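Remarks on the overall topology
Below, each chain spelled out in residue letters.
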Amino acid sequence: MREGLGPGPHGVRPVLGRAPSCPSQAGQAPLMMDEREEDADEEAWLQLRPVEPLPSQCCGSGCSPCVFDLYHRELARWEAARASKDRSLLSGEESQSCPSKLSPETFLAFCISAMDRLTEDTYHVRFALPRNCQFSLRPGQHLILRGKVDGLEIQRAYTPISPANAEGYFEVLIKCYPTGLMSRYVKSWGTGHTAFWRGPFGDFFYKANQVSASTLGSRETPPA
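Residues numbered from 1 in each chain as written. Predicted model: local features only at pLDDT ≥ 70, side-chain atom pairs only at ≥ 80, totals over all residues. Heavy atoms only, no water.

A closer look at the sheet that holds strand β6 (residues 194-201)
The strand order across the open sheet formed by six strands is β4-β3-β6-β1-β2-β5, and the pairing between neighbours is antiparallel. Either end of the sheet is taken by a strand with one partner, and the two such strands are β4 (152-158) and β5 (169-175). Neighbour-to-neighbour, the strand axes of this sheet turn through a mean angle of 40 degrees, independent of strand direction. Pairing analysis gives seven bridges linking strand β3 (residues 142-149) to β4, with the strands arranged antiparallel. The partner of Leu145 across the bridge, within β4, is Arg156. (Pairing = 2+ DSSP bridges. Helix = DSSP H or I, 4+ residues; strand = E, 2+ residues; numbered from the N terminus. Axes fitted to C-alpha atoms, helices over the stretch in contact; angles between N-to-C directions.)

Examining the packing of aromatic side chains
We describe a pair of aromatic rings using the distance from one ring centre to the other and the angle between the two ring planes. Applying the stated criterion across every chain yields a total of nine aromatic pairs. For the pair Phe170 and Trp197, a centre-to-centre distance of 6.0 Å together with 85 degrees between the ring planes defines the contact as edge-to-face. One end of the pair, Phe170, is in strand β5; the other, Trp197, is in strand β6, and 27 residues separate them in sequence. Taking the relative accessible area as the measure of exposure, Phe170 reaches 1% and is therefore buried. (Phe/Tyr/Trp six-rings, centres within 6.5 Å; stacked < 30°, edge-to-face > 60°. Buried < 20%, exposed > 50% of the residue type's maximum accessible area, 1.4 Å probe, protein only.)

Looking at the side chain of Gln155
Mapped onto the elements of the fold, Gln155 is located in strand β4. Among the polar contacts made by the side chain of Gln155, one reaches the side chain of Glu153 at a distance of 3.5 Å. (Polar contact = N/O pair within 3.5 Å; in protein donor to acceptor, adjacent residues only side chain to side chain.)

Concerning the nonpolar core
Within the largest apolar cluster, 27 residues are counted, with the highest numbers of intra-cluster contacts made by Phe110, Phe127, Phe170, Trp189 and Trp197. For this core, the secondary-structure elements that each account for two or more residues are β1 (108-117), β2 (122-128), β3, β4, β5, α3 (181-187) and β6. For Trp197, the residues in contact, after removing those within four places along its chain, are Thr106, Phe107, Leu108, Phe110, Phe127, Leu143, Ile144, Leu145, Tyr158, Phe170, Val172 and Trp189. Trp45, Leu75, Trp78 and Ala81 belong to the second largest nonpolar core, which has five residues in total. (Core = buried A, V, L, I, M, F, W, Y, C linked by side-chain atoms within 4.5 Å. Contact = heavy atoms within 4.5 Å.)

Details of the UniProt feature "binding site: FAD" (unreviewed entry) in the chain
Taking the UniProt record as the reference, the feature "binding site: FAD" (unreviewed entry) is found at Arg156, Tyr158, Leu173, Lys175, Met182 and Ser183. Annotated residues spanning 28 residues; largest pairwise C-alpha distance 13.4 Å, indicating a single compact cluster. Of the residues examined, Leu173 reaches a relative accessible area of 41% and is grouped as partly exposed. The residues contacting Leu173, other than those within four sequence positions of it, are Leu118, Thr122, Tyr123, His124 and Ile161. (UniProt positions renumbered as here; feature names shortened; annotations may be inferred.)

So, the pattern of salt bridges
Using the criterion set out here, one finds three salt bridges in the structure. In this structure, the salt-bridge partner of Lys175 is Asp121, at a minimum N-O distance of 2.8 Å. Taken together, the residues Lys175 in strand β5 and Asp121 in the loop between β1 and β2 connect sequence positions 54 residues apart. Salt-bridge contacts for Arg184 lead to Asp150; the nearest nitrogen and oxygen are separated by 3.2 Å. Of this pair, Arg184 sits in helix α3 while Asp150 sits in the loop between β3 and β4, placing them 34 residues apart in sequence. (Salt bridge = Lys/Arg side-chain N within 4 Å of Asp/Glu carboxyl O.)

Take a look at the structure:
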């Protein structure tokens, strides 16, 4: 039988137990947890960082703001939100299908209500607008279409062909090419599919009767 410990000098029997932890070790545990939380928070912010566009994402039409302008704007917004640790400063999600207004800065989703193949490589596509609203696009303006093929995001400019007073829809005429990336994307469309557009762009407008016949007649004929 194991012999117990006798009472101490003051008649109090000592209690057996674990030795107290080292104060330095006890303080390290909360510190390590704080570091892990900071690392997780930093990783979450890095996942929210805007991705720099690829050259293929620029349509090359000189639109303003360009996709690279939007990237630098979103990057500045992300840096400000990260510095203040306020995620509400970040931009929201893309709008749902059939918005009633276009945006030059944000791609919006529009639903295809009709798609006709006019020739072997040409498609007439109609996109629906809600509540019979109208964009009132002016002749000479264009929109930017965003597509994705094999994981590569691409953007191209197209001019709507629908009348400026068209209500409840807008239309585009798209010619496809055998080796075109956007052509592959367009050929995958069908009624009910969704495509993303932003715009309008362009400030060189057509105006009826802007040049009079007398003005045309006064021009000098160039030498042959």
